[in-house]
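These are the residues of each chain, in order.
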Amino acid sequence: MKICKLIVPDYQQFKNFELDLTYPEDHPKAGKPLDKVCFIGTNGTGKSTLLRIIDSSLQSMSYKENDASYNIILKLKKNKSNFYYSSYLRGVNPPDRKLRGYFSSDIDKEKDWFYILEKDTLSFKNRFLKYLLEETNFQLKANDDLIIYSPAESNENHLLDLNDIPETNVNEALSLFDGLEISYEISNSHIKEFWKLLVFLVKKRENEREIFENKEENLNKTKKHLIEEFEKINPKILEKLSELWNRILAKAGLEFDIKNAIIPRQLKDNLIAYIKLKSDNNTIIRYKELSTGIRNFIFRLGYIFALYFNRKISNGFLLVDEPENSLYPEFLYDLVDVYCGITQNTQLFMATHNPIIAAQFEPCERVILEFDKNGYVTADRGAAPIGDDPNHILTQDFDLKNLLGKEGQKMWEEYVELKKKLIRATSIEEKDQLISQISSIGDKYNFEV
């Protein structure tokens, strides 16, 4: 299941906002929902707001009650069927907190139906009830489906209080055997939950191994044979996490010290695993001592990876705000591929100010948000091709007319003026002097000579 249209009738800077999220007619995937979406635009155009309200609306698809006070309407495609989901039906009587609604795509025949649905209760009752669908076929379900929202910042930053490994233990982790949630926030205020999930996955594997070895059909197999069979279908979370983290850590001269990790055994034990210097195996880097960008990134990516680890997710939605947060540009060039590689059956939404991130999306996957003359937000698709020079992305899709700083602009104006003088110059001596000046500025600022 994927979102193929987003409608916001009236919320903050969005008014009758309708955003198509399907591939265009000239694309090989024409008409299908976008696999990934990148929101770009100036501050205040609502990139983070869209991520937040998409998350809120998706969450309401999984709960029996919905507390939404605004409406966002999603058009979704599940298998080959299209349907609409309204997260809030204003004025429904009798009063009920169960305010969502599922509608067949036939409701498209009604003019401005989404705006009427938001504002006019009488019209809703008289005209739209015939399009209502049974919700049981469309609800998102725990264990099968997953909604992950990773905001750019959180209300609390528990990383600042982290002196050692995140505090948890086996006893707390065992509670996860009751079942995983459908919706997660990945932020600095949830570091303990990530570490608890790691401990749970370690213990879960131990339980599954014991069950596997005691199956009747396995009782006569050799220990070596049993281990080989089990390893094929039950990888170790720490080994796989190490492979993932080290792709980034290696660029900073670090690595995950999996060799010296201590697996918890008793109920009060915690998982002990650190980052170390590659150049010195004895030097441990505590998580609080890592750079802000590395620390935020490995916990964010690690948590997402752990939520998908060794699971079969039917419908996933991953919403990431500012994935470039405090990371050096070199780390960003394959970042979108990293996120896509650790998820499955998942529609990815990102919001960014970084052209390196935006360049990893196809132009039709880039949604450019901007204000119209009335101060409301409109949307357009990108123009620059995927993988384009980030500077070209800045001029084409971010619409920056000038990439030069104040001094650079001053030197450009001087450079242009010198070229004009060269055209008017009459003596060879004057021309040589001007050519020398033009070349000097051109080489320094990479201007075209």
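Preceding this paragraph is the structure being described.
Keep in mind it's a predicted model, so treat the numbers as computed, not measured.

This part covers the overall build of the protein. Scanning the protein for helices and strands turns up 13 helices and 15 strands. Structurally, the protein occupies a C-alpha span of about 100 × 75 × 40 Å along its principal axes. Across the 449 residues that make up the protein, the buried fraction comes to 48%. Look at the contacts in the protein between residues 6 or more apart in sequence, and 66% of them connect residues 24 or more apart. With an accessible surface of roughly 23300 Å², the protein has 47% of that area assigned to carbon and sulfur atoms. Taking the average place of the 62 positive charges on the side chains of the protein and the average place of its 70 negative ones, the gap between the two points comes to 3 Å.

Of all 10 residues that make up strand 1 (residues 2–11), 8 are buried, and the element is covered over most of its length. Relative to strand 2 (residues 14–20), strand 1 runs antiparallel, the two being bridged by 6 bridges. Bridge pairing in strand 2 links Val8 to Phe17. Between strand 1 and the antiparallel strand that follows it, strand 2, lie 2 residues; Gln12 among them carries a positive phi value of about 50°.

Let's shift gears to the packing of aromatic side chains. This model, assessed by the stated rule, comprises 18 aromatic pairs. Residues Tyr84 and Trp113 carry aromatic rings whose centres are separated by 4.6 Å and whose planes lie at 70° to one another, so their mutual orientation is edge-to-face. Remark: Trp113 occurs in helix 2 (residues 113–119) and Tyr84 occurs in strand 5 (residues 81–86); sequence separation between them is 29 residues. A single burial state applies to Tyr84 and to Trp113, both of which are buried.

To continue, consider the side chain of Asp388. Inspection of the secondary structure assignment puts Asp388 in the loop between strand 15 (377–381) and helix 11 (390–396). Here Asp388 is buried and forms no salt bridge, its nearest opposite-charge partner Arg366 lying at an N-O distance of 6.9 Å. With residues up to four places along the chain from it excluded, the contact list for Asp388 reads Ala359 and Ile393.

Another point: unusual backbone geometry. In this structure, Asn79 takes a positive phi of about 55° despite not being glycine. Position of Asn79 relative to the elements: it lies in the loop between strand 4 (73–78) and strand 5. For Asn79, a relative accessible area of 69% puts it in the exposed group. The phi angle at Ser326 is positive, at roughly 65°, despite the residue not being glycine. As for its placement among the helices and strands, Ser326 is situated in the loop between strand 12 (315–321) and helix 9 (335–341).

Bringing the pattern of salt bridges into the picture now. Evaluated as defined, the whole model comprises 16 salt bridges. Of the charged contacts in the structure, one is a salt bridge between Lys276 and Glu255, with a shortest N-O distance of 3.5 Å. Linking Lys276 in strand 10 (residues 275–277) with Glu255 in strand 9 (residues 254–256), this pair joins segments that are 21 residues apart in sequence. Given a relative accessible area of 9%, Lys276 falls into the buried group. As a salt-bridge pair, Arg366 and Asp397 come within 2.4 Å of each other at their nearest N and O atoms. In this pair, Arg366 sits in strand 14 (residues 366–371) while Asp397 sits in the loop between helix 11 and helix 12 (406–424), placing the two residues 31 residues apart along the sequence. Each member of the pair, Arg366 together with Asp397, is buried. Counted as one network, the salt bridges with shared partners bring together Lys2, Lys29 and Asp35.

Take Ser104: it is sitting in strand 6 (residues 101–104). Residue Ser104 is classed as buried on the basis of its relative accessible area, which comes to 15%. Excluding residues that lie within four positions of it along the chain, Ser104 makes contacts with Tyr84, Tyr131 and Leu133.

Attention now goes to the state of the cysteines. According to the stated counting rule, one finds 0 disulfides in the structure shown. Among the cysteines around Cys340, which has no disulfide bond, Cys38 carries the closest sulfur, lying 12 Å off. Judged by relative accessible area, which is 35%, Cys340 ranks as partly exposed. With no disulfide partner, Cys364 has as its closest neighbouring cysteine sulfur the one in Cys38, 12 Å distant. Taking relative accessible area as the criterion, Cys364 reaches 10% and is therefore assigned buried.

Glancing now at the sheet that holds strand 4. Strands sit in the order 2-1-4-5-6 across an open sheet of 5 strands; the sheet is antiparallel. A single partner strand is all that each edge strand has here, and the edge strands are strand 2 and strand 6. Along the sheet, successive strands turn relative to each other by an average axial angle of 20°, direction set aside. Here strand 1 runs beside strand 4; their pairing, made up of 5 bridges, is antiparallel.

Axis angle and axis distance: for two packed helices, these are the angle between their axes and the distance between the axes, and together they describe the pair. Contact geometry for helix 7 (residues 237–249) and helix 8 (residues 292–308): axes closest at 10 Å, N-to-C directions at 145°. In the crossing of helix 7 with helix 8, the sense of the turn from one axis to the other is right-handed. Side by side, helix 7 and helix 8 meet where Ile237, Lys240, Leu241, Leu244, Trp245, Ile248 and Leu249 of the first sit next to Ile294, Phe297, Ile298, Leu301, Gly302, Phe305 and Ala306 of the second. Taken together, the residues of the contact of helix 7 with helix 8 sort by class into 12 nonpolar, 1 polar and 1 charged.

Turning our attention to the packing of helix 12 against helix 13 (residues 428–445). Between helix 12 and helix 13, the shortest axis-to-axis distance is 10 Å and the interhelical angle comes to 155°. Overall, the two elements helix 12 and helix 13 adopt an arrangement that is roughly antiparallel. Of the two possible hands of crossing, helix 12 and helix 13 adopt the one that is left-handed. Residue-level contacts link Glu407, Gly408, Met411, Glu414, Tyr415, Leu418, Lys419, Lys421 and Leu422 of helix 12 to Lys431, Leu434, Ile435, Gln437, Ile438, Ile441, Gly442 and Tyr445 of helix 13. Classifying every residue of the contact of helix 12 with helix 13 by side-chain character gives 9 nonpolar, 3 polar and 5 charged.

Conventions and cut-offs
- Residue numbers here run from 1 along each chain, matching the order of that chain's written sequence.
- Local features in this predicted model are restricted to residues of pLDDT 70 or higher, and side-chain atom pairs are both shown and tallied only at a pLDDT of 80 or more, whereas totals for entire chains, interfaces and linings draw on every residue.
- Note that water and hydrogens are dropped before the side-chain values are worked out from all heavy atoms of the structure.
- Helix and strand assignments come from DSSP, with helices taken as H or I runs of at least 4 residues and strands as E runs of at least 2, each series counted from the N terminus.
- Accessibility here uses a 1.4 Å probe with only protein chains present; expressed as a share of the type maximum, an area under 20% marks a residue as buried, one over 50% as exposed, and anything in between as partly exposed.
- Residue contacts are defined here by distance: any two heavy atoms, one from each residue, within 4.5 Å place the two residues in contact.
- To be clear on the numbers: accessible area is Shrake-Rupley with a 1.4 Å probe, and residue cover counts the displayed protein chains and nothing else.
- Positive charges are assigned to Lys and Arg, negative charges to Asp and Glu, while His and the chain termini are left out of the count.
- Every charge is mapped to an atom, namely NZ of Lys, CZ of Arg, CG of Asp or CD of Glu.
- Paired strands are those between which DSSP finds at least two bridges.
- Aromatic contacts are taken between Phe, Tyr and Trp rings whose centres are within 6.5 Å, Trp giving its six-membered ring; a plane angle under 30 degrees counts as stacked, one over 60 as edge-to-face, and the others as tilted.
- When a carboxyl oxygen of Asp or Glu lies within 4 Å of a side-chain nitrogen of Lys or Arg, that pair is called a salt bridge.
- Only a pair of cysteine sulfur atoms within 2.5 Å counts as a disulfide in this structure description.
- To define axes, lines are fitted to C-alpha atoms, for helices over the stretch in contact only, and angles between the resulting N-to-C directions are given on a 0 to 180 degree scale.
- The crossing is said to be left-handed when, going from far helix to near helix, the turn is anticlockwise and less than a right angle, and right-handed when the turn is clockwise.
- Each residue is assigned to one of three groups, with Ala, Val, Leu, Ile, Met, Phe, Trp, Tyr, Cys and Pro labelled nonpolar, Asp, Glu, Lys and Arg labelled charged, and all others, Gly among them, labelled polar.
- An angle below 35 degrees is read as roughly parallel, one above 145 as roughly antiparallel, one from 65 to 115 as roughly perpendicular, and any other as oblique.

The values reported here are purely geometric and, on their own, carry no functional implication.
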